[in-house]
Amino acid sequence: MTDTGTELTAELVRALLHDQHPDLADRPVTLGARGWDNQLWRLGDDLAVRLPWATRSADELLRKEHAWLPALAPHLPLPVPVPQRLGEPSERFPRPWIVTTWVPGAPADRAPATRAAQAADTLAAFLTALHRPAPEGAPAGRGRGGPLADHAEGFARQLASATELGLLPDPEAVRAVWEDAVTAPEWTGPNLWLHGDLHPANVLTADGTFCGVIDFGDLFAGDPAGDLAAAWILLPDGAADRFHAAYRPAPDPATLRRARGWAVLRALSCLRIGHAGDHGRPGGKPTWGPPARAALARLVATAGH
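Residues numbered from 1 in each chain as written. Predicted model: local features only at pLDDT ≥ 70, side-chain atom pairs only at ≥ 80, totals over all residues. Heavy atoms only, no water.

*Asks:* Any chance you could break down the side chain of Asp227 for me, citing the residues and the numbers?
*Replies:* Inspection of the secondary structure assignment puts Asp227 in helix H6 (residues 225–228). A distance of 2.8 Å separates a polar atom in the side chain of Asp227 from the backbone nitrogen of His195. When sequence neighbours within four positions are dropped, the list of residues in contact with Asp227 reads Leu127, Leu130, His131, Leu194, His195, Gly196 and Leu198. (Helix = DSSP H or I, 4+ residues; strand = E, 2+ residues; numbered from the N terminus. Polar contact = N/O pair within 3.5 Å; in protein donor to acceptor, adjacent residues only side chain to side chain. Contact = heavy atoms within 4.5 Å.)

*Asks:* Just give me the short version of helix H9 (residues 253–278), but keep the residues and values in it.
*Replies:* Its 26 residues place the ends of H9 37 Å apart at the C-alpha level, agreeing with the 38 Å of an ideal helix rising 1.5 Å per residue. With 20 of 26 residues buried, H9 lies mostly within the body of the structure. Capping the start of H9 is the job of one residue whose side-chain oxygen sits 3.0 Å from the backbone nitrogen of Ala254: Asp252. At the C-terminal side of H9, Gly280 shows a positive phi close to 70 degrees. (Expected span 1.5 Å × (residues − 1). Buried < 20%, exposed > 50% of the residue type's maximum accessible area, 1.4 Å probe, protein only.)

*Asks:* Can you tell me about the packing of helix H4 (residues 152–164) against H9, naming the residues and giving the values?
*Replies:* Closest axis-to-axis distance for the H4/H9 pair is 10 Å, and the angle between their directions is 45 degrees. Classified by the angle their axes make, H4 and H9 are oblique. Read as a crossing pair, H4 and H9 show a hand that is left-handed. Contacts between H4 and H9 involve Phe155, Gln158, Leu159 and Ala162 from the former and Val264, Leu265, Leu268, Ser269, Leu271 and Arg272 from the latter. For the contact of H4 with H9, a count of residues per class yields seven nonpolar, two polar and one charged. (Axes fitted to C-alpha atoms, helices over the stretch in contact; angles between N-to-C directions. Parallel < 35°, antiparallel > 145°, perpendicular 65-115°, else oblique. Left-handed = near helix turned anticlockwise from the far one by under 90°. Nonpolar A, V, L, I, M, F, W, Y, C, P; charged D, E, K, R; others polar.)

*Asks:* Give a description of the pattern of salt bridges that names residues and reports values.
*Replies:* Pairing is possible between side chains of opposite charge, provided their charged atoms come close. Under the definition given, this model contains 14 salt bridges. Arg92 is the partner of Asp19 in a salt bridge, and the nearest nitrogen-oxygen pair spans 2.7 Å. With a gap of 73 residues between them, Asp19 in helix H1 (residues 10–20) and Arg92 in the loop between strand E4 (83–87) and strand E5 (97–101) connect regions that are remote in the sequence. Among the residues examined, Asp19 registers a relative accessible area of 42% and is labelled partly exposed. (Salt bridge = Lys/Arg side-chain N within 4 Å of Asp/Glu carboxyl O.)

*Asks:* Break down the pairing of strand E3 (residues 47–52) for me, citing the residues and quoting the values.
*Replies:* Along any regular strand, the residues point their side chains to alternate faces of the sheet. The buried count for E3 comes to six of six residues, which makes it a mostly enclosed element. Covered by surrounding structure in E3 are Leu47, Val49 and Leu51 together with Ala48, Arg50 and Pro52, the residues of both alternating faces. Judged from the six bridges that link them, strand E2 (residues 38–43) and E3 form a sheet pairing that is antiparallel. Note on E3: the bridge partner recorded for Arg42 is Ala48. Remark: three residues form the turn of the hairpin made by E2 and E3, two consecutive strands paired antiparallel; Gly44 in that turn has positive phi of roughly 65 degrees. (Pairing = 2+ DSSP bridges.)

*Asks:* Report on the state of the cysteines, specifying residues and quantitative values.
*Replies:* Counted according to the given criterion, the structure contains zero disulfides. The thiol of Cys211 is not disulfide-bonded; the next cysteine sulfur, from Cys270, is found 19 Å away. (Disulfide = S-S within 2.5 Å.)

*Asks:* Give me the lowdown on the nonpolar core, citing residues and values where you can.
*Replies:* In terms of nonpolar packing, the biggest core is built from 64 residues, with Phe126, Leu127, Phe210, Leu235 and Phe243 touching the most fellow members. Among the elements that take part in this core, H9 stands out by supplying ten residues, more than any other. Not counting residues up to four positions away in its chain, the partners in contact with Phe126 are Leu76, Pro77, Leu78, Val80, Val213 and Phe216. Leu24, Val29, Leu47 and Leu51 belong to the second largest nonpolar core, which has 19 residues in total. (Core = buried A, V, L, I, M, F, W, Y, C linked by side-chain atoms within 4.5 Å.)

*Asks:* Explain the sheet that holds strand E9 (residues 209–213) residue by residue, including any values.
*Replies:* Across the sheet, which stays open at both edges, the three strands sit in the order E6-E8-E9 with antiparallel pairing between neighbours. A strand with exactly one partner marks an edge of an open sheet, and here the two such strands are strand E6 (106–107) and E9. Sheet topology places E6 next to strand E8 (residues 203–206); two bridges connect them, and they run antiparallel. Bridge pairing links Pro107 to Leu204 in E8.

*Asks:* Residue-level account of unusual backbone geometry, with values.
*Replies:* Here Arg248 and Pro249 are connected by a cis peptide whose omega angle stands at -5 degrees. Relative to the helices and strands, Pro249 is located in the loop between helix H8 (240–246) and H9. With a phi angle near 55 degrees, Asp207 is a residue other than glycine that sits in the positive phi range. On the secondary structure map, Asp207 appears in the loop between E8 and E9. One non-glycine residue, Asp215, adopts positive backbone phi at about 55 degrees. When you line up the elements, Asp215 lands in the loop between E9 and strand E10 (220–222).

*Asks:* Before we move on, can you summarise the sheet that holds strand E1 (residues 29–34) with the specific residues and values?
*Replies:* Two modes of strand pairing occur in sheets, parallel and antiparallel, and in both the strands are linked by backbone hydrogen bonds. Taken in spatial order, the five strands line up as E1-E2-E3-E5-E4 in an open sheet, and their pairing is antiparallel. Two strands bound the open sheet, and with one partner strand each, they are E1 and E4. Along the sheet, successive strands turn relative to each other by an average axial angle of 25 degrees, direction set aside. The pairing of E3 with E5 spans four bridges and is classified as antiparallel. Within E5, the residue paired with Arg50 across the bridge is Ile98. The strands touched by helix H2 (residues 58–72) within the sheet are E2, E3, E4 and E5, with E4 carrying the most contacts at an inclination of about 140 degrees.

What follows is the structure, encoded as structure tokens:
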């Protein structure tokens, strides 16, 4: 993470709205969350303002959401933050920002799904609806969506780091899941719309199941295996099979093998971020560790199935 230097406050948000969207400037403004790329400020009861703060790539991601998500959102069975307004860079704030709808719920890293059947069916319905062929000109992934083999070095580094830190009970079992996934046949179907970043902090829960999906900054077209990894990352133990049975079209064995590889990569990354949070280091998020450990345990326990 790289803090870009501007202090984001409720006063700044109100001033930006007054300058560019004055009809919204009188609404109450309260801090909602500090994410990896953006800060989220709640705007009244039904809107939110998202401003880039910690990465330079956030500008492009916000513009991507504003361009593509409004057309996809009406076809999705869960609430998503639909862009309503675009704020352009100005002397007051030198970066773009957006106003979206507010999606209520608790992030799954803080309130995991507990109703296995309902959560599996809800996630399957959402991804079935999202995973449609993308049009010509749809954005490509930021290093995601291509062959898993392109990430072999990254996997080796993350595995070595997690092993050195004592975070993995059985590193070789994790390696075995990866090696099976990386040898699976590649995706030969059309490029499908993908969320691209389905970690627990980007999925919301209520009453033990999923109630919303947020942060579409990594929206892109590619191999659905990347999103299908969410079955091991987000669902309670024993729910992945139900998810795969409900998702349409039914994923073939090669896609499931690749999905397990993407799940290993995401879980190792979240494990590192969780460990950093446990030790108070910048960019760390302690709530990311428990779901990452649970995901790796599920992947190892179901190896070969």
